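# Close look at the chain arrangement
Listed here are the chains, written in short residue letters.
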Amino acid sequence: MTPPDHDALHRSIRRLLLRRLAIVVVALSAFIAALVVFIERDRLGQAVFDRAEIGVARFSAQAAPVLDAPGPIDPGEMQAEMDRFAAVNVRQRRGHFVLGRVRDPQGAELARFVDETANISGDALSADGGSFALAEPDRFQVVRLSGAPYVHVDLPLHRSDGTVAARIDGLFAVSAEAIADVRWRMARAIGISIGIVLL
């Protein structure tokens with residue numbers, strides 16, 4: 001074999017190795033990105049759910065006279081309590097609630113709060129909860145509406161004796177800052193992973 005052929009063989013092997021390395025880097029980047037998104041989505045959802053549990057406990061205490069009253073819950077009185085509670089809906093760095101609905105044990109809507117500044121689709125506002133209705137109560141799920149991420153939660157409203165009087169569900173709009181944080185952590189994780197591969 002002549003020297004030129006030997007050099008050509010080395011170049012061919014080098015190109016093959018570089019292609020394989022590129023494939024590994026791309027595959028690893030995709031895997032890390034998906035993993036970070038999954039972890040961060042779950043972390044954000046759990047944080048929103050924990051916050052919602054605290055808020056619902058406060059709302060149950062505030063609306064105790066309505067929840068504890070004998071007979072069916074009065075929708076007008078429940079709406080008044082919802083309006084009072086929604087008036088102090090605080091925006092946090094992660095985002096804020098843009099929709100809240102109270103339903104009786106049969107699923108009939110008793111009251112609702114809607115942030116009129118939010119771009120919520122008609123499906124989300126439908127009386128039956130729309131396509132993102134939770135399969136299981138007392139949980140959360142991340143949904144996309146009009147291309148934007150939201151966290152949907154569903155929790156019970158308790159009477160003073162601890163029994164469930166109604167249920168409340170809500171949509172939490174994820175802020176641009178929270179989305180930027182996830183993207184930054186994703187980019188950092190991908191960069192560290194690629195650096196390890198190339199070392």
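Reading the values: the criteria
- Residues numbered from 1 in each chain as written.
- Predicted model: local features only at pLDDT ≥ 70, side-chain atom pairs only at ≥ 80, totals over all residues.
- Heavy atoms only, no water.
- Buried < 20%, exposed > 50% of the residue type's maximum accessible area, 1.4 Å probe, protein only.
- Helix = DSSP H or I, 4+ residues; strand = E, 2+ residues; numbered from the N terminus.
- Pairing = 2+ DSSP bridges.
- Core = buried A, V, L, I, M, F, W, Y, C linked by side-chain atoms within 4.5 Å.
- Contact = heavy atoms within 4.5 Å.
- Expected span 1.5 Å × (residues − 1).
- Arc of directions from axis to C-beta.
- Polar contact = N/O pair within 3.5 Å; in protein donor to acceptor, adjacent residues only side chain to side chain.

## Brief notes about the pairing of strand β5 (residues 164-174)
- Counting buried residues in β5 gives nine out of eleven residues, a clear majority hidden from the surface.
- Pairing of strand β4 (residues 148-158) with β5, which is carried by nine bridges, proceeds in the antiparallel orientation. Paired with L157 across the two strands is A166, which belongs to β5.
- Linking β4 to β5, which pair antiparallel, is a turn of five residues; within it G162 sits at a positive phi near 95 degrees.

## Remarks on the nonpolar core
- By size, the foremost hydrophobic cluster in this structure holds 29 residues, and its most contacted members are I73, M78, V102, V153, L157 and I168.
- Counting only elements with at least two residues in this core, the list comes to α1 (3-62), α2 (64-68), α3 (75-86), β1 (95-103), β2 (109-114), β4 and β5.
- At six residues, α1 tops the list of elements feeding residues into this core.
- Beyond its immediate chain neighbours, meaning those up to four positions away, L157 contacts V56, F59, S60, L67, V102, T163, V164, A165, A166, R167 and I168.
- Core analysis: the second largest hydrophobic core is formed by seven residues, V143, L145, Y150 and L171 among them.

## Looking at α3
- Compared with the 16 Å implied by 1.5 Å per residue over twelve residues, the 16 Å span of α3 between its first and last C-alpha is a close match.
- Those residues of α3 lying buried are M78, E81, M82 and A86. Relative to the axis of α3, the buried residues are bounded by an arc of 130 degrees and lie together on one face.
- The N-cap residue of α3 is D74: its side-chain oxygen and the backbone nitrogen of G76 are 3.0 Å apart.

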